Amino acid sequence: MVMQLLFLYFSIFKSKIVKEIPINSAYIYHIFLIVFFCIGFYWSRRNKESGVKEEYQIVSINHFFYLLFYTLCILGFFTSVITIAKVSSLEEYFRLLIANSENPTRLIEIRNAANSSGLKGHFKMLNYLPLGVFLLTSSFLLFYKFTDCKERKKILYLNVFALIISFLKILFSLERLTVLAILIVLLHSFFYLHKKIRIVSFLLLFTAFGFLKFVTSTRMNNITVIDFIIAYCRLGISNFQLLIDNFNNWTFGMNTFLNPLYFISKDFNYQLDVASANVYLWGGAPQYFFGYLYMDFGILSFIVILLLGILLGYIQNNINEKKPLAIVLYFVIFFAICTTIVVPIFRAVEFWVLIIIAIVSLYFVNFVSETEV
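What counts and how
Residues numbered from 1 in each chain as written. Predicted model: local features only at pLDDT ≥ 70, side-chain atom pairs only at ≥ 80, totals over all residues. Heavy atoms only, no water. Axes fitted to C-alpha atoms, helices over the stretch in contact; angles between N-to-C directions. Helix = DSSP H or I, 4+ residues; strand = E, 2+ residues; numbered from the N terminus. Parallel < 35°, antiparallel > 145°, perpendicular 65-115°, else oblique. Contact = heavy atoms within 4.5 Å. Nonpolar A, V, L, I, M, F, W, Y, C, P; charged D, E, K, R; others polar. Polar contact = N/O pair within 3.5 Å; in protein donor to acceptor, adjacent residues only side chain to side chain. Phe/Tyr/Trp six-rings, centres within 6.5 Å; stacked < 30°, edge-to-face > 60°. Buried < 20%, exposed > 50% of the residue type's maximum accessible area, 1.4 Å probe, protein only. Lys NZ or Arg CZ within 6 Å of the ring centre and 35° of its normal. Core = buried A, V, L, I, M, F, W, Y, C linked by side-chain atoms within 4.5 Å. Salt bridge = Lys/Arg side-chain N within 4 Å of Asp/Glu carboxyl O. Patch = residues over 30% accessible without salt bridge, like charges linked within 9 Å, V, L, I, M, F, W, Y side chains within 5 Å. Areas by Shrake-Rupley, 256 points an atom, 1.4 Å probe, with all protein chains shown as cover.

S.K.: Help me understand the packing of helix 3 (residues 63-85) against helix 8 (residues 149-173), please; the structure alone is not making it clear to me.
M.R.: How two helices sit against one another is set out by the angle between their axes and by the gap between those axes. It is the contact of helix 3 with helix 8, at a shortest axis distance of 9 Å, that shows an interaxial angle of 5°. Between helix 3 and helix 8, the angle is such that the two are roughly parallel. When helix 3 is examined against helix 8, the residues H63, F65, Y66, F69, Y70, C73, I74, F77, S80, V81 and I84 are found in contact with a partner set consisting of E151, K154, I155, Y157, L158, F161, A162, I165, L168, K169 and F172. Its residues assigned to classes, the contact of helix 3 with helix 8 shows 17 nonpolar, two polar and three charged.

In structure tokens, the structure reads:
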């Protein structure tokens, strides 16, 4: 819950673009939700530190693994390009991109048009394929040993390729969540790997922060990253307060974990009726995880967050034992947790794309525990 504590910290500062309202109840709810999560998490983790940790390593990877995931990276990149090409010429787009400070409004118009029209949603979600491959291969490289050095190099090449494609994809999608996911992996590499990798991670971190700054200034008329964080946190806690004061039409999961069903139904020309906030600040009623959770369960959110803490504690136990399923999902789950201070990624179909990529990979990789070697 470090991310939620950071959210709480940044929400204390005032923002010029967010109206000031009394938010005492939201702060109290926020703090107690963190407490309930921690109780569940540490209850699930109790007495696990002294348990026997099973170590796994990768023996071999099927050749089809590389063919499949290189193809998915390329496919994800082309869907990103086509998404923009459906609403604007690429020549105009890149001209605006290079000189975005001259006409940022037009660039934002193109991006909004690409989001609301053009390719169908089930094609747009493929934009996340390169990121999924990058998160997956990063898990392999960071957590597992390889019995064959050549196999490790092949995974490394795929990892670098997926990272480059992910950066290129950001130029077309102009969305910050992909940058956040990349930053999570790079920061993990910087703090936990050896010196040479730290140097590379440090250089890549500068690149990722550069992308974050560029995307933020482009989408919000040259606002700084820190100003954006303060504004979003202040907006989130303010809208949470307005929910507590005005909302009582509980949606039982449809605003959080089941929200992808809403987008899937739209693709099949069926509109699910999901209640949204009726009183809010700013267009679109931006919330964060606790706000959406309150819309789903109201006061019962405390029970749900307790159970979520227990679940994540169980997953952490499996990660410590380096069990294959937990490891391939490690960065996907970490990414989802970090997005809880903004609009959570698990509200989007793309989150399930990331999960599917991770699970499918297990069918092509041969693991063995070190006790069997």
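S.K.: Honestly, the side chain of R234 in this entry has me stumped. Any pointers?
M.R.: Looking at the secondary structure, you find R234 in helix 11 (residues 225-246). From its side chain, R234 meets the backbone oxygen of S11 in a polar contact 2.7 Å long. Apart from the residues lying within four places of it in its own chain, the contact partners of R234 are S11, I12, F13, K14, V18, E20, I23 and Y27.

S.K.: Help me understand the packing of aromatic side chains, please; the structure alone is not making it clear to me.
M.R.: Both the distance between ring centres and the angle between the ring planes are used here to describe each pair of aromatic rings. The final tally for this structure, using the stated rule, is 39 aromatic pairs. Summarising the aromatic geometry, the rings of F65 and F69 are spaced 4.6 Å apart at their centres and angled 65° between planes, so their arrangement reads as edge-to-face. You can see F65 and its partner F69 sitting in helix 3, four residues apart, about one turn around the helix. Judged by its relative accessible area of 0%, F65 falls in the buried class. A cation over an aromatic ring shows up here: K169 above the ring of Y128, its NZ or CZ 4.5 Å from the ring centre.

S.K.: Help me understand the nonpolar core, please; the structure alone is not making it clear to me.
M.R.: Generally speaking, a soluble globular protein has its nonpolar side chains buried in company with each other. By size, the foremost hydrophobic cluster in this structure holds 120 residues, and its most contacted members are F65, L135, F140, I182, F240 and F335. Broken down by element, this core gets its largest block of residues, eleven residues, from helix 11. What F140 contacts, discounting residues up to four positions off in sequence, is I58, F65, F146, I155, V328, S361, V365 and F367.

S.K.: Even after reading the chapter, I still don't get unusual backbone geometry, so can you show me in this structure?
M.R.: The backbone phi angle of L174 is positive, close to 50°, even though this residue is not glycine. Assignment of secondary structure puts L174 in the loop between helix 8 and helix 9 (176-192). For F252, which is not glycine, the phi torsion reads 50° and is therefore positive. In this fold, F252 is placed in the loop between helix 11 and helix 12 (260-267). Take F252: its relative accessible area is 56%, and that puts it in the exposed class.

S.K.: Quick question: what am I supposed to make of the environment of F290 here?
M.R.: Mapped onto the elements, F290 comes out in helix 13 (residues 289-297). The class of F290 is buried, set by a relative accessible area of 0%.

S.K.: Got a minute to help me understand the environment of S265 in this structure?
M.R.: Turning to its location among the elements, S265 is positioned in helix 12. Among residues more than four places away in sequence, those in contact with S265 are Y270 and L272.

S.K.: What exactly am I supposed to notice about helix 1 (residues 2-11) here?
M.R.: One turn of the α-helix equals 3.6 residues, which is why residues spaced by three or four share an orientation. Inspection of helix 1 places Q4, F7, L8, F10 and S11 among the buried residues, and these make up the whole buried set. Contact partners of the buried residues in helix 1: helix 2 (24-45), helix 11 and helix 13.

S.K.: Explain the pattern of salt bridges to me, please; I cannot follow it from the model alone.
M.R.: It is possible for side chains bearing opposite charge to pair when their charged atoms get close. Evaluated as defined, the whole model comprises four salt bridges. For E20, the salt bridge goes to R234, with nearest N and O atoms at 2.4 Å. One end of the pair, E20, is in the loop between helix 1 and helix 2; the other, R234, is in helix 11, with 214 residues separating them in the sequence. The class for R234 is buried, based on a relative accessible area of 7%. Where K154 meets E151, a salt bridge forms, and the shortest distance between an N and an O atom there is 3.7 Å. Of the two residues, K154 and E151 are both situated in helix 8; the distance of three residues between them amounts to about one turn of the helix. Given the relative accessible area of 29%, K154 is considered partly exposed. Take E151: its relative accessible area is 9%, and that puts it in the buried class.

S.K.: So what exactly am I meant to see when it comes to the environment of L72 here?
M.R.: For L72, the location among the structural elements is in helix 3. For the pair formed by L72 and G132, sequence separation is 60 residues and the distance between their alpha carbons is 9.3 Å.

S.K.: When you look at a nonpolar patch on the surface in this model, what are you seeing that I'm missing?
M.R.: On the surface, L156, Y157, V160, I164 and L168 cluster together to form a nonpolar patch covering roughly 440 Å² of accessible area. Assessed through its relative accessible area of 46%, I164 is described here as partly exposed.

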